[in-house]
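# Geometric and topological summary
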Amino acid sequence: MKTYLVTGGAGFIGANFVKYMLNAYSDIKIVVLDALTYAGNLASIENEIDNVRCLFVKGDICDRELAEELFGKYDFNYVVNFAAESHVDRSIENPQLFLITNILGTQNLLDAARKKWVTGKDEAGYPVWREDVRFHQVSTDEVYGSLGPTGYFTETTPLDPRSPYSASKTSADLFVKAYGETYKMPVTITRCSNNYGPYHFPEKLIPLIIKNILEGKTLPVYGDGSNVRDWLYVEDHCRAIDMVINNGRAGEIYNVGGHNERRNIQIVQTIIKTIRRIMTQQPEYRRCLKKQVTDADGQLTVDWINDDLITFVKDRLGHDLRYAIDPAKITNELGWKPDTDFETGIVKTVQWYLDNQSWVEQVVEGDYINYYGRMYAGRELK
């Protein structure tokens, strides 16, 4: 039985990966390591944790003693490192936290794996590794910087991070590559475009807009909403990671993109229309609305769910104009391609949030409320 260490497995993509893998394979074990900070929620994977096929450990990837203890206790074949501080706005507010977690934490995991997986040295003095191991780093297209109106990021695009967040992820990628080159460690890296889907923390664009509509709040859009992102349904991303871990070439980087480019303002308008359509066709979902508006006959109405809710706010610092990924390498080498187009995925995502309001309410208490106030207070454009 293969054993996976999935760090950040209670976060958005990590939780979806845990669910995907346990559903896809009956002969694996997963140990989830998560510090349960603002973006990690144990409720996202509580149904998977059975202490047989899936175990949970609360802890920080920066904790060297804990990392070595886990590698000693469990015979890990794979490390899949999702654990990271991941929000650009938060990195602007506190850059050092991103250096600590994203760089030092990754390096700590690399060292723990190296100590456990090396079986000796070859004639040239290089470490000899177990044949059944792989360290996989989950990265982001933001390490490439910003694109103009045309072109795509490829695996050979020069790294040009523009925010503390993307700089920290770039540094982590380079450490992973360095361990592959220096120690011949079997490593792979995936760089994905913007993910969306279930269990997404509501400070990110899509779940934030859904949440604000249900609460009758304004919908903050940076600048004029013209920034473009390539959107990838999270399950498609999980499938790509699985393929790379099991069949990707060691030492290689694979870009994972959705071919779903949209301007931010288009995303917001699509969500508005989707929620209004669902609630018009299925009135029972109007129970999710925190803001109750009635018409002249005293009936609940959703006419107020329209583009008038949009409020343009002062753009954030260093806001990259456009991201777009060319996934030709992973398609040609491994046969991966996204299964979920955006029109289908966004409906599935909105539907999930409407059906799981208790999960949303659980994750937005405390720190999130304070953070939201700091990020958007006083930023409305007149």
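See above for the structure.
Note that residues are indexed from 1 along each chain, following the sequence as it is written. Selection of residues for local features in this predicted model requires a pLDDT of at least 70, selection of side-chain atom pairs for listing and counting requires 80 or more, and totals for whole chains, interfaces and linings are taken over all residues. Where side-chain values are given, they derive from all heavy atoms of the structure, hydrogens and water being excluded.

## So, the sheet that holds strand E13 (residues 261–263)
Note the cut-off: The rule for pairing is simple: two strands pair if DSSP sees at least two bridges between them. Segments assigned H or I by DSSP are reported as helices when at least four residues long, segments assigned E as strands when at least two residues long, and all are numbered from the N terminus. The axes are straight lines fitted to the C-alpha atoms, using for helices just the contacting stretch, and the angles between their N-to-C directions are given from 0 to 180°.
Spatially, E9-E11-E13 is the arrangement adopted by the 3 strands of the open sheet, whose pairing is mixed. A strand with exactly one partner marks an edge of an open sheet, and here the two such strands are strand E9 (194–196) and E13. Taken pair by pair, the neighbouring strands of this sheet meet at an average axis angle of 50°, ignoring direction. As paired strands, E9 and strand E11 (residues 228–233) are joined by 3 bridges and run parallel to one another. Bridge pairing in E11 places Asn195 opposite Leu232.

## Observations concerning the nonpolar core
Among soluble globular proteins, nonpolar side chains are generally buried collectively. For the record, the criterion: In this text, buried Ala, Val, Leu, Ile, Met, Phe, Trp, Tyr and Cys residues form a nonpolar core when linked through side-chain atoms within 4.5 Å. Whether a residue is buried, partly exposed or exposed follows from its accessible area with a 1.4 Å probe, protein chains only, as a fraction of its type maximum: under 20%, in between, or over 50%, in that order. Contacts were defined at the residue level, with two residues in contact if any of their heavy atoms lie within 4.5 Å.
Membership of the largest hydrophobic core comes to 40 residues, with the highest contact counts inside it found for Ile206, Ile213, Ile271, Met279 and Ile305. Residue assignment for this core shows that the elements contributing at least two residues are helix H6 (205–215), strand E10 (219–222), E11, helix H8 (264–281), helix H10 (342–355) and helix H11 (357–363). For Ile206, the residues in contact, after removing those within four places along its chain, are Tyr196, Trp231, Ile267, Ile271, Phe342, Ile346 and Thr349. Residues Val31, Val79, Trp117 and Tyr323 belong to the second largest nonpolar core, which totals 35 residues.

## Focus on the packing of helix H2 (residues 64–73) against helix H4 (residues 95–117)
Rules: Crossings are sorted by hand: turned counterclockwise from the far helix by less than a right angle, the near helix makes the crossing left-handed, and turned clockwise it makes it right-handed. Three classes are used: nonpolar for Ala, Val, Leu, Ile, Met, Phe, Trp, Tyr, Cys and Pro, charged for Asp, Glu, Lys and Arg, and polar for all others, with Gly counted as polar.
Contact pair H2 / H4: the axes reach a minimum separation of 9 Å and the direction vectors enclose 35°. Crossing handedness for the pair H2 and H4: right-handed. Judged by residue contacts, Arg64, Ala67, Glu68, Phe71 and Gly72 of H2 engage Gln107, Asn108, Leu109, Asp111, Ala112, Ala113, Lys115, Lys116 and Trp117 from H4. Tallied by class, the residues present in the contact of H2 with H4 amount to 6 nonpolar, 3 polar and 5 charged.

## Focus on the packing of aromatic side chains
Spelled out, the test is: Ring geometry is summarised as follows: Phe, Tyr and Trp rings, the Trp one being its six-membered ring, pair when their centres sit within 6.5 Å, and such pairs are stacked at plane angles under 30 degrees, edge-to-face over 60 and tilted between the two. By definition, being over a ring means that NZ of Lys or CZ of Arg is both within 6 Å of the ring centre and within 35 degrees of the ring normal.
Taken as a whole, this structure holds 17 aromatic pairs when the rule is applied. Arranged with centres 5.4 Å apart and planes meeting at 50°, the rings of Phe17 and Phe82 form a pair that is tilted. Highlighted residues: Phe17 in helix H1 (residues 12–24) and Phe82 in the loop between strand E4 (78–81) and helix H3 (88–93), separated in sequence by 65 residues. Across this residue pair, the class does not change: Phe17 and Phe82 are buried. Pairing Tyr199 with Trp359 gives two aromatic rings, centres 5.7 Å apart and planes at 85°, and the pair type is edge-to-face. Highlighted residues: Tyr199 in the loop between E9 and H6 and Trp359 in helix H11, separated in sequence by 160 residues. Owing to a relative accessible area of 16%, Tyr199 belongs among the buried residues under this scheme. Overall, Trp359 belongs to the buried group, its relative accessible area being 8%. Each residue in the set Phe71, Tyr74, Phe76 and Trp117 is aromatic and connected to the rest through ring pairs, giving one cluster. Here the basic side chain of Arg322 rests over the ring of Tyr152, its NZ or CZ set 5.6 Å away from the ring centre. Across the ring face of Tyr254, the terminal group of Lys329 is positioned such that the distance to the ring centre comes to 4.9 Å.

## Brief notes about the sheet that holds strand E12 (residues 253–256)
The sheet built from 7 strands is open, its strands ordered E3-E2-E1-E4-E7-E8-E12 with parallel pairing. Each edge of the sheet is formed by a strand with only one pairing partner; in this case those strands are strand E3 (54–58) and E12. On average, each strand axis in the sheet is tilted by 20° relative to the strand beside it, whichever way the strands run. In the sheet, strand E1 (residues 2–7) pairs with strand E2 (residues 28–34) via 6 bridges, with the strands oriented parallel. Counted as the bridge partner of Thr7 is Leu33 from E2. Its contacts with the sheet put H4 on E1, E4 and strand E7 (134–140), and the angle it makes with E7 is roughly 165°. Against the sheet, helix H5 (residues 164–182) contacts E7, strand E8 (187–192) and E12, and its axis sits at roughly 155° relative to E7.

## Some details on the pairing of E11
With respect to burial, E11 is a largely interior element, 6 of its 6 residues being buried. Alternating positions in E11 separate into two faces, Val228, Asp230 and Leu232 on one and Arg229, Trp231 and Tyr233 on the other, with burial throughout.

## What to know about the pairing of E8
What counts is decided by this rule: The definition of a right-handed crossover adopted here requires that, viewed with the strands pointing away, the path from the first strand over the helix to the second runs clockwise.
Burial runs high along E8: 6 of the 6 residues are buried. Of the two faces of E8, the one carrying Val187, Ile189 and Arg191 and the one carrying Thr188, Thr190 and Cys192 are both buried. You can see the chain leave E7, run along H5 and come back into E8, and the turn it takes is right-handed. The sheet contact formed by E8 and E12 spans 4 bridges and is parallel. In the sheet register, Ile189 faces E12, and the bridge partner there is Ile253.

## A short note on H8
To keep it simple, the criterion reads: Expected span of a helix: the number of residues minus one, times 1.5 Å.
With 18 residues, H8 extends 26 Å from end C-alpha to end C-alpha; this agrees with the ideal 26 Å at 1.5 Å per step. Every buried residue of H8 is listed here: Asn264, Ile265, Ile267, Val268, Ile271, Ile272, Thr274, Ile275, Ile278 and Met279. Against the buried residues of H8 lie H6, E10, E11, E13, strand E14 (310–313) and H10.

## Side note on a negative patch on the surface
Applied cut-off: Patch members must show over 30% relative accessible area and no salt bridge, and they are joined within 9 Å when carrying like charges or within 5 Å when they are nonpolar side chains of Val, Leu, Ile, Met, Phe, Trp or Tyr. To be clear on the numbers: accessible area is Shrake-Rupley with a 1.4 Å probe, and residue cover counts the displayed protein chains and nothing else. Here, a salt bridge means any Lys or Arg side-chain nitrogen found within 4 Å of an Asp or Glu carboxyl oxygen. For this count, His and the chain ends are skipped, Lys and Arg are scored as positive, and Asp and Glu as negative. For charged residues, the charge sits on one atom: NZ in Lys, CZ in Arg, CG in Asp, CD in Glu.
Together, Asp60, Asp63, Glu65 and Glu69 give the surface a local cluster of negative charge. Structurally, Asp63 is set in the loop between E3 and H2. Residue Asp63 is classed as partly exposed on the basis of its relative accessible area of 34%.

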